[in-house]
Amino acid sequence: MARTQSSSAHRKVLDAAVELMAERGIDGTSMDAIALLSGVSKATIYKHWTDKEALLLEVLADLHGLKARPSFDTGNARADVVAVLSYKPEDRADLREKITPHLIAYSARNPDFGDAWRNTVMEPPRRELRHLLRQAVRKKELTAKLDVELSLALLLGPVLYWHIFLRRSEGDPKRLVKGVVGAFWRAYGESAAR
């Protein structure tokens, strides 16, 4: 099926925006520059997005594969937790890596945007993990006294640490994820609670 002019323009703007933001930072990227690089008029851009931050949020959702995110609910909670924590779309990983420092700095200066980023990008996997942990408690795989919010911090912390500090020097993050989830299950599994 051929793309419509509108969907083609939309894609061009997303691609131009992420390229410029990764190269120049968010503050250094103007809507004029995005229009110039994408070949799409500013008027058309503003028909799709109300402002640069709305565009940036869609860029993030696109970069993190949120629109085509797979379902992680096979019935095996432990394996599903590993899958959620390991999930990263392979395409454009270099752009995600380049844009993340800009996002952190921009979010520190713009807390409302930081909240929107957290809700757009971080909350979907947190919701999935919360659901999977509660499911594991119901199935008696994890202790009934499990503090789900603390568990999210314990599971996400090492993965974020790997992505921030170790991604260039250490191997596959899935190995770390499997180790973290294994240690978590040993510590909080129903057999450990007895």
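Computed from a prediction, not measured in an experiment: that's the story for all the values here. (Residues numbered from 1 in each chain as written. Predicted model: local features only at pLDDT ≥ 70, side-chain atom pairs only at ≥ 80, totals over all residues. Heavy atoms only, no water.)

**Some points on the overall build of the protein**
Along the backbone of the protein there are 10 helices and 0 strands. When the helices and strands of the protein are listed from N to C terminus, the series reads α-α-α-α-α-α-α-α-α-α. Along the first, second and third principal axes, the C-alpha atoms of the protein reach 65 × 35 × 30 Å. A total of 194 residues make up the protein; the buried ones form 42% of that total. Put simply, the protein shows about 11000 Å² of open surface, and 54% of that area lies on carbon and sulfur atoms. Distance from the positive charge centre (31 side chains) to the negative charge centre (25 side chains) of the protein: 4 Å. (Helix = DSSP H or I, 4+ residues; strand = E, 2+ residues; numbered from the N terminus. Buried < 20%, exposed > 50% of the residue type's maximum accessible area, 1.4 Å probe, protein only. Areas by Shrake-Rupley, 256 points an atom, 1.4 Å probe, with all protein chains shown as cover. Lys, Arg positive; Asp, Glu negative; His and termini not counted. Charge placed at Lys NZ, Arg CZ, Asp CG, Glu CD.)

**Concerning helix α5 (residues 77-86)**
Those residues of α5 lying buried are A77, D80, V81, V82, V84 and L85. Elements in contact with the buried residues of α5: α7 (111-138), α8 (148-166) and α9 (173-188). (Contact = heavy atoms within 4.5 Å.)

**Focus on α9**
Taking 1.5 Å of rise per residue, the 16 residues of α9 would be expected to cover 22 Å, and the 22 Å separating its terminal C-alpha atoms lies within 8% of that figure. Buried residues along α9 sit in contact with α5, α7 and α8. (Expected span 1.5 Å × (residues − 1).)

**Observations regarding the environment of K47**
Of note, K47 is situated in helix α3 (residues 42-48). Residue K47 is classed as exposed on the basis of its relative accessible area, which comes to 70%. It is 42 Å that separates the C-alpha atoms of K47 and S151, two residues lying 104 residues apart in sequence.

**Points about the confidence of the model for the protein**
Summary statistics for the protein give a mean pLDDT of 87 and a share of 93% for residues scoring 70 or more. Model confidence for the protein, summarised as mean pLDDT per element, is weakest for helix α10 (residues 190-193) at 62 and strongest for helix α2 (residues 31-38) at 96. (pLDDT = per-residue confidence, 0-100.)

**Section: the packing of helix α4 (residues 52-63) against α7**
For any two helices packed against each other, one specifies the crossing angle of their axes together with the interaxial distance. The interhelical angle for the contact between α4 and α7, taken along N-to-C directions, is 30 degrees, at an axis separation of 10 Å. Compared by their axis directions, α4 and α7 come out roughly parallel. Crossing of α4 against α7: the hand is right-handed. Contacts from E53, L56, L57, L60 and A61 of α4 reach α7 at F113, A116, W117, T120 and V121. (Axes fitted to C-alpha atoms, helices over the stretch in contact; angles between N-to-C directions. Parallel < 35°, antiparallel > 145°, perpendicular 65-115°, else oblique. Left-handed = near helix turned anticlockwise from the far one by under 90°.)

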